[in-house]
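Spelled out, the chains give:
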Amino acid sequence: MTDLTAKADALRQFHHADTPLILPNIWDAGSARLVADRGFPAIATTSSGVAESLGFTDGENAPAAEVFAALRRICAAVDVPVTADLESGYGLAPAELVERMLEAGAVGLNYEDSDHSTGGLRDATEQADRIAAIKAAGKESGVDIVVNARTDTFLRGQDAAAFEAGLQRAVQYVAAGADCVYPILLADEALVSRFVAEAGAPVNVLLRPQTPGLSRLAQLGVARISLGGGLARVAQQAVAAELSTLASQM
């Protein structure tokens, strides 16, 4: 576990650097190599891209065994730390989830509070307990894995109530041991700034047209910036455009 321990420690330190950790999320070994070869210090997967590459849709519809097999190939393809988007855990208990991600070679994970069996949000206290159990299982294995705790309140609204609920959840997750918090779809500059100031841990923002740009997010104190399924969609659109060109010549 020595190599994984070092990678986990390095990944954690990237969240406390002077500049944000930029994560162009990938979906297979080939796209992972492209990111690593261009000097990015860490690799992050996208659950939607991985699921699509396996023939499934996002939302824990891909079998866990196939997801972890894909993750193993990704980790084997690069030397930099890998953090995996493992949705809400694929129904696995925290100890098994940690065991399987470490076996694959990942040292961090996105862990969301959506309950895919109901379509709602998990109870915040239950989610915090799961985060604490994940952290404990990692440490017991000798790897202090990096937990990026995603709160999904903003998938359900962008109003003040959603913000307050999301911030409250984030604070609770940090208290449980989360290394970073991810208020996915939070885009308003003033609210991003407040979230950074009050969450109590590094904050991950999803880069999209509605958010401030990279330099402004850095000025706001955002520690981690990810692209989600954006690159996978760009790749699919490029292939679709090429196919349309070919079809028009037939």
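Description of the structure in this document. The structure displayed is predicted, hence computed values, not measured ones.

So, on to the overall build of the protein chain. Assigned secondary structure in the protein chain consists of 10 helices and 10 strands. In terms of C-alpha radius of gyration, the protein chain reaches 18 Å, essentially the compact-globule figure of 18 Å for 250 residues. Projected onto its principal axes, the C-alpha coordinates of the protein chain cover approximately 60 × 40 × 40 Å. The 250 residues of the protein chain split such that 49% are buried. Considering only residue pairs separated by 6 or more positions, the protein chain has 64% of its internal contacts joining residues 24 or more positions apart. Accessible surface computed for the protein chain: about 10,900 Å², of which carbon and sulfur atoms make up 53%. In the protein chain, the 19 positive side-chain charges and the 31 negative ones have mean positions that sit 2 Å from each other.

Turning next to helix 4 (residues 64-77). The end-to-end C-alpha distance of helix 4 is 20 Å, a good match for the 20 Å that 14 residues give at a rise of 1.5 Å each. Looking at helix 4, one finds that the buried residues are Ala64, Val67, Phe68, Ala70, Leu71, Ile74 and Cys75. Along the axis of helix 4, the buried positions cluster into a sector of 160°, meaning they face one direction only. Every exposed residue of helix 4 that faces more than 90 degrees away from the buried side is listed here: Ala65 and Ala76. On its buried side, helix 4 packs onto helix 2 (29-37), strand 2 (43-44), helix 3 (47-53), strand 3 (82-85) and helix 5 (94-104).

Taking 1.5 Å per residue as the helical rise, helix 7 (residues 160-175) with its 16 residues ought to reach 22 Å, and the 23 Å between its terminal C-alpha atoms agrees with that figure. Those residues of helix 7 that sit buried are Ala162, Phe163, Gly166, Leu167, Arg169, Ala170, Tyr173 and Val174. Within helix 7, the buried residues cover an arc of 165° as seen down the axis, which keeps them to one side. Seen from the buried face of helix 7, the exposed residues on the opposite side, beyond 90 degrees, are Ala160, Ala161, Gln168 and Ala175. Tucked into the core, helix 7 has its buried residues touching strand 6 (120-121), helix 6 (124-141), strand 7 (146-151), strand 8 (180-183) and helix 8 (189-198).

Bringing the sheet that holds strand 4 (residues 108-112) into the picture now. A sheet is described by the order of its strands in space; here five strands give the open sequence 2-3-4-7-8, paired in parallel fashion. The sheet is open, and its two borders are formed by strand 2 and strand 8, each paired with just one other strand. Alignment of strand 7 against strand 8, held across four bridges, turns out to be parallel. When the bridges of strand 8 are listed, Thr151 appears paired with Pro183.

Assignment of secondary structure puts Arg73 in helix 4. Separated by 34 residues in sequence, Arg73 and Gly39 place their C-alpha atoms 20 Å apart. For Arg73, the residues in contact, after removing those within four places along its chain, are Ala29 and Leu54.

Soluble, globular proteins show a tendency: their nonpolar side chains are buried together. With 66 residues, the main nonpolar core has Ile43, Leu86, Leu109, Ile145 and Phe195 as its most contacted residues. Ignoring sequence-local partners within four residues, the contact set of Ile43 consists of Leu23, Ile26, Ala32, Val35, Ala36, Ile74, Val78, Val80, Pro81, Val82 and Thr83.

Within this structure, the stated rule accounts for three aromatic pairs. An aromatic cluster is defined as three or more aromatic residues linked by ring pairs; in this entry it consists of Phe154, Phe163 and Phe195.

Another aspect to go through is the sheet that holds strand 1 (residues 21-23). Pairing within the open sheet is parallel, and its three strands lie in the order 1-10-9. Of all the strands in the sheet, just strand 1 and strand 9 (204-206) have a single pairing partner and so form its edges. For this sheet, the mean angle separating the axes of adjacent strands, direction not counted, is 20°. As paired strands, strand 9 and strand 10 (residues 224-226) are joined by three bridges and run parallel to one another. Residue pairing across strands places Asn204 opposite Arg224, the latter belonging to strand 10.

Our focus in this paragraph is the side chain of Arg150. Summarising the element assignment, Arg150 is placed in strand 7. Among the residues examined, Arg150 registers a relative accessible area of 12% and is labelled buried. Leaving out residues up to four positions away in the same chain, Arg150 has contacts with Tyr111, Glu112, Asp113, Leu155, Tyr173, Tyr182 and Ile184.

Calculation criteria
Residues numbered from 1 in each chain as written. Predicted model: local features only at pLDDT ≥ 70, side-chain atom pairs only at ≥ 80, totals over all residues. Heavy atoms only, no water. Helix = DSSP H or I, 4+ residues; strand = E, 2+ residues; numbered from the N terminus. Rg over C-alpha atoms; globule rule 2.2 N^0.38 Å. Buried < 20%, exposed > 50% of the residue type's maximum accessible area, 1.4 Å probe, protein only. Contact = heavy atoms within 4.5 Å. Areas by Shrake-Rupley, 256 points an atom, 1.4 Å probe, with all protein chains shown as cover. Lys, Arg positive; Asp, Glu negative; His and termini not counted. Charge placed at Lys NZ, Arg CZ, Asp CG, Glu CD. Expected span 1.5 Å × (residues − 1). Arc of directions from axis to C-beta. Pairing = 2+ DSSP bridges. Core = buried A, V, L, I, M, F, W, Y, C linked by side-chain atoms within 4.5 Å. Phe/Tyr/Trp six-rings, centres within 6.5 Å; stacked < 30°, edge-to-face > 60°. Axes fitted to C-alpha atoms, helices over the stretch in contact; angles between N-to-C directions.

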